[in-house]
Amino acid sequence: MSAPIASSQKLQKAQKIEIYSRFPRIPALHFAVYVGLGALLIASIGQVSPSPERLWDGIPRIFNLMDRMLPPETDPAFLVRMGWRLLETLQIAIAGTVFGVILSLPIAWLSARRISPLPFGSFLFKGLVSLFRTIPDLVWALIFVVTVGLGAVAGTMTIVVDTIGFCGRFFAEAMEDSDQEPQVALDAIGASKFSILMSVVLPDAMPSLINTTLFALEKAIRSSVVLGLVGAGGIGQELKSAFDLFQYHKASAIILSIFVIVLIMEWITDRLREKVK
Amino acid sequence: MLQISKIRKTFGELHAVNNVTLNIPSGQMVGVIGRSGAGKSTLLRLINRLADPTSGTISFDGTNVTELKGRDLRLWRASCAMIFQQFNLIERMDVLSNVLVGRIAHHDFVSSMLRQYTDEERALAIRALDRVGMVQQALQRAGTLSGGQQQRVAIAKALVQNPKILLADEPIASLDPANATRVMDSLRTINQNDGITVLVNLHTLDTARKYCDRIIAMRAGEVRFNGAAHELSNDLVRDIYGEAGLETGIDESVTSTSIEEASSSNDNQQIA
Ligand SMILES: Nc1ncnc2c1ncn2[C@@H]1O[C@H](COP(=O)(O)OP(=O)(O)O)[C@@H](O)[C@H]1O
Ligand SMILES: [Mg+2]
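Numbering of residues starts from 1 in each chain and follows the order in which that chain's sequence is written. Just so you know, chain letters begin at A and ligand numbers begin at 1, following the order they were written in. Given that this is a predicted model, residues contribute local features only at a pLDDT of at least 70 and side-chain atom pairs are listed and counted only at 80 or more, while totals for whole chains, interfaces and linings are drawn from all residues. Side-chain measures were taken over the full set of non-hydrogen atoms in the model, leaving aside hydrogen atoms and water.

What follows deals with the overall build of chain B. Helices and strands together make up the secondary structure of chain B, namely ten helices and ten strands. Accessible area is worked out with a 1.4 Å probe on protein chains only. A residue is then buried under 20% of its type maximum, exposed over 50%, and partly exposed in between. Counting across all 272 residues of chain B, residues that qualify as buried make up 54%. In this analysis, two residues are considered to be in contact whenever any of their non-hydrogen atoms come within 4.5 Å of each other. Taking as baseline every contact in chain B between residues at least 6 positions apart, the subset at least 24 positions apart corresponds to 69%. Exposure was quantified through the Shrake-Rupley algorithm and a 1.4 Å probe, taking into account, for residues, occlusion by the shown protein chains and nothing else. On chain B, roughly 11,800 Å² of surface is accessible, and the fraction owed to carbon and sulfur atoms is 46%. Helix numbering and strand numbering both begin at the N terminus, where a helix is a DSSP run of H or I of at least 4 residues and a strand a DSSP run of E of at least 2.

Shown next, in the form of structure tokens:
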């Protein structure tokens, strides 16, 4: 209690009573909900979390796997092939990001509140972007592998859709956040929505658009690496077949190269971001 | 002649502008006064069609403005220039480009995108800047100017629109007395030399009295007074500004005294 000890007994008593009466009484319904949620949580932990025994058993197997992976494969012919696969991965990421950003710009414009030339239709494009965003990239990859076949094209299309889901939203937000007052002035002069976009909205939002694009590129590189696991081209495909064929030395070489390439790309995008600032 | 007939604008339950009828002959300088929230800004926005009326019509020289759409609406807006309290310039753009933006409604998609303006338009912009004494800053970024300078650039932008009407929404509310005087002088000169109708919303009664041919006083969305400045009686002022009406009026006169002192001591840049 924060009340000074020197204060009179009466006062302390009064404060005590007040504290008791302030103690929240949980309504029965809420209490029942809390208990239910607690039970659900405990049951879920039991079913999907690793138990201590299983973790313990797993440790030697991890060391065993690492032992079989080392040293990484260094056969020149293999490394050259992996180099080409890495290049393909980067191409998927970059081409997908570029097309995705190009498509995101008009979609963001159409969906941005107050800035869209469509008075009521903007929610339609907002919905489309949410749909693209909420479906995970591996699911998109599976869909495109089924529709356009195995390989890099499916991967690129996945990155395009993924980029629209990401950039479509953040581009629209950057446009909505752009300086309001000159837009009103242009509106009052009789400028078209397109003129307003070109002369105020885009220049004002540009730093944010570039930043978002760089994040999208980083994201695209990470996902282009894993898309191959479901057959959508790139280095991931090699990784999967190396594991499938128990070629652990090759697998470790691939993982190392992925690590290096992601690191390099992050370094590059960080430098670019600094330049934008 | 601007004819406003039974115009009304409601926001939910609120009548921001309530059944206003006004006839404003071309070439007048009209001051719109009233307390904050009286509906002054909404009235100007309705004329420019930044806001659409709930009911009623506005017509200008026989054209029904409230029915315009598409390109006709854009051309109407261009001919009805607007000045704002916060200047509303594109701050990162230079002064000359900001003024040229006044021509934007006369350009199509492509040329507005490439900001291709003709030589005549550039000359027009320079002349407009000269009139408000801002030629020297033509290539400076608008954001680096003082408030008073930005407002003068906004007036130059309005001039290149070749407007028939100039609507100014509290153009001096953010300015110090010296700059306020300059801006009001500019508006008055444009009104008298170019014959452009000017509607200016003002907080201060005395500024309206000093500059305007006619005063329109609003309260709660309605027009309470419409006539020459000298006809505005104390009772009416009390009605318009509420309980503290006369005191406010006296307060305003203090401000306006300082305006006059500033204008006489200042190297007053008259606009040609
Ligand atoms: N876009 C809007 N939405 C809701 N209410 C508004 C809007 N614009 C103005 N109002 C209301 O309408 C009334 C008149 O506003 P306004 O025309 O800005 O008055 P003034 O310019 O005289 O201060 C105010 O009560 C204001 O809150
Ligand atoms: Mg206002």
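All names here are of chain B. Within the element layout of this structure, Ile83 appears in strand S6 (residues 80-83). Placed 46 residues apart in sequence, Ile83 and Gly37 show a C-alpha to C-alpha distance of 19 Å. Leaving out residues up to four positions away in the same chain, Ile83 has contacts with Gln151, Ala154, Ile155, Ala158, Leu166, Leu167, Ala168, Asp169 and Pro171.

Turning to the environment of Arg114(A), a few remarks are in order. Residue and element names in this part refer to chain A. Topologically, Arg114 is positioned in the loop between helix H4 (76-111) and helix H5 (122-134). Taking the relative accessible area as the measure of exposure, Arg114 reaches 46% and is therefore partly exposed. Sequence spacing of Arg114 and Gln180 is 66 residues, and the spatial spacing of their C-alpha atoms is 9.8 Å. When near neighbours in sequence (up to four residues on either side) are disregarded, Arg114 contacts Glu176, Gln180 and Lys193. Think of a polar contact as two N or O atoms within 3.5 Å of one another; within protein, one of them needs to be a possible hydrogen donor and the other a possible acceptor, and neighboring residues in sequence only count if both atoms come from side chains. Among the polar contacts listed, one links the side chain of Arg114 to the backbone oxygen of Glu176, at a separation of 3.2 Å.

Moving on, we get to the interface of chain A and chain B. Facing 18 residues of chain A, the contacting portion of chain B comprises 24 residues. Buried area counts how much accessible surface, traced with a 1.4 Å probe, disappears from two parts once they are put together, with both parts' losses summed. Around 1,800 Å² of area is buried between chain A and chain B when both sides are counted, 64% of it from carbon and sulfur atoms. For the chain A face of the interface with chain B, the top three residues by lost area are Ala188(A), Ile189(A) and Phe194(A), together amounting to 30%. Summed over the shared surface of chain A and chain B, the number is six residue pairs in polar contact (both at pLDDT 80 or more). Elements that contribute at least two residues to the side of chain A that touches chain B include exactly helix H8 (180-189) and helix H9 (193-227) of chain A. The greatest single-element share of the side of chain A that touches chain B, amounting to eight residues, is contributed by H8(A). Classification used: nonpolar for Ala, Val, Leu, Ile, Met, Phe, Trp, Tyr, Cys and Pro, charged for Asp, Glu, Lys and Arg, polar for all others including Gly. In the side of chain A that touches chain B, the residues fall into eleven nonpolar, four polar and three charged.

This part takes up a nonpolar patch on the surface. Residue and element names in this part refer to chain A. Residues Leu256, Phe259, Val260, Leu263, Ile264, Trp267, Ile268 and Leu272 make up a contiguous nonpolar surface patch of roughly 750 Å² in combined accessible area. Note on placement: Leu272 falls in helix H11 (residues 248-276). Using a relative accessible area of 38% as the deciding quantity, one classes Leu272 as partly exposed. The patch calculation keeps residues exceeding 30% relative accessible area without a salt bridge and links them within 9 Å when they carry like charges or within 5 Å when they are nonpolar (Val, Leu, Ile, Met, Phe, Trp, Tyr). Salt bridges are defined as contacts in which a side-chain nitrogen from Lys or Arg sits within 4 Å of a carboxyl oxygen from Asp or Glu.

All names here are of chain B. The strand order across the open sheet built from four strands is S2-S1-S4-S5, with neighbouring strands paired in antiparallel fashion. Bordering the open sheet on either side are strand S2 (14-24) and strand S5 (63-64), each of which pairs with just one other strand. Each pair of strands is called paired provided DSSP finds at least two bridges between the two strands. Here seven bridges tie strand S1 (residues 2-11) to S2, and the two strands are oriented antiparallel to one another. Note that in S2 the partner of Lys9 across the bridge is Val17.

On to the site of ligand 1, then. Residues and elements named next belong to chain B. Near is defined per residue: the residue qualifies when any heavy atom it owns lies within 4 Å of the molecule or strand. Around ligand 1 sit Phe11, Leu14, Ala16, Arg35, Ser36, Gly37, Ala38, Gly39, Lys40, Ser41 and Thr42, and that is every residue in its neighbourhood. With respect to ligand 1, the backbone of Gly39 contributes an N or O atom lying 3.0 Å from an oxygen atom. At 2.6 Å from an oxygen atom of ligand 1 is found a side-chain nitrogen or oxygen belonging to Ser41. Listed by contribution, the elements that provide at least two residues to the shell around ligand 1 are S2 and helix H1 (40-48).

Mapped onto the elements of the fold, Thr66(B) is located in the loop between S5 and helix H2 (70-78). Within polar-contact distance, the side chain of Thr66(B) engages the side chain of Asn64(B) at 2.4 Å.

The next subject is the packing of aromatic side chains. Residue and element names in this part refer to chain A. Here a pair means two rings of Phe, Tyr or Trp (six-membered ring of Trp) with centres within 6.5 Å. Their orientation is stacked below 30 degrees between planes, edge-to-face above 60, and tilted elsewhere. Under the counting rule described, the total for this entry stands at seven aromatic pairs over all chains. Ring centres of Trp109 and Phe194 lie 5.9 Å apart, and the angle between their planes is 65 degrees; this geometry places the pair in the edge-to-face category. Placement of Trp109 in helix H4 and of Phe194 in helix H9 is noted, with a sequence separation of 85 residues between them. Here Trp109 and Phe194 have matching classes, each one buried. Taking the centre distance of 6.3 Å and the plane angle of 65 degrees together, the rings of Phe246 and Tyr248 count as edge-to-face. Positioned over the ring face of Phe215 is Arg273, at 4.1 Å from the centre of the ring. Think of it as a cone above the ring: NZ of Lys or CZ of Arg counts as a charge over the ring if it is within 6 Å of the ring centre and within 35 degrees of the ring normal.

Turning our attention to the pairing of S1(B). Side-chain positions along a regular strand alternate between the two faces of the sheet. Residues and elements named next belong to chain B. The loop that links S1 with its antiparallel partner S2 comprises two residues; one of these, Gly12, has a positive phi angle of about 60 degrees. Examined bridge by bridge, S1 and strand S4 (residues 55-60) share five bridges and lie antiparallel to one another. Opposite Ile4, over in S4, you have Ile58 as the bridge partner.

Once that is clear, we can look at the nonpolar core. Ranked by size, the top nonpolar core spans 51 residues in total, and within it Ile33(B) and Leu166(B) carry the most contacts. Top element by residues in this core is helix H6 (residues 147-160) of chain B. It accounts for seven residues. Once residues within four sequence positions are removed from consideration, Leu166(B) is found in contact with Ala81(B), Ile83(B), Ala158(B), Leu187(B), Ile196(B), Thr197(B), Val198(B) and Leu199(B). Residues grouped as a nonpolar core are buried Ala, Val, Leu, Ile, Met, Phe, Trp, Tyr and Cys residues, joined through side-chain atoms within 4.5 Å. Formed by 36 residues, the second largest nonpolar core is a distinct cluster that contains Ala154(A), Leu217(A), Tyr248(A) and Val262(A).

This brings us to the packing of helix H7 (residues 152-176) of chain A against H9(A). For any two helices packed against each other, one specifies the inter-axial angle together with the distance between the axes. Residues and elements named next belong to chain A. Relative to each other, H7 and H9 sit at 145 degrees, their axes nearing to 8 Å. The chirality of how H7 crosses H9 is right-handed. Here the contact of H7 with H9 is composed, by residue class, of 16 nonpolar, eight polar and two charged. An axis is simply a line fitted to the C-alpha atoms; with a helix, the fit covers only the stretch in contact. Between two such axes, the angle follows the N-to-C directions and lies from 0 to 180 degrees. Two helices that cross are described as forming a left-handed crossing if the nearer one is turned anticlockwise from the farther one by less than a right angle, and a right-handed crossing if clockwise.

With that out of the way, let us pick up the pattern of salt bridges. Applying the stated rule across the entire model yields 23 salt bridges over all chains. Between Glu173(A) and Arg169(A) there is a salt bridge, with the nearest N and O atoms lying 3.3 Å from each other. On the criterion of helical spacing, the pair formed by Glu173(A) and Arg169(A) is a turn pair, its members being four residues apart in helix H7. Assessed through its relative accessible area of 32%, Glu173(A) is described here as partly exposed. Take Arg169(A): its relative accessible area is 36%, and that puts it in the partly exposed class. A salt bridge links Arg224(B) to Asp239(B), with the nearest nitrogen and oxygen atoms 2.9 Å apart. Residue Arg224(B) is located in strand S10 (residues 222-227), and its partner Asp239(B) is located in helix H9 (residues 234-241); the two are separated by 15 residues in the primary sequence. Several salt bridges converge on common partners, so that one network encompasses Arg81(A), Arg85(A), Glu88(A) and Glu238(A).

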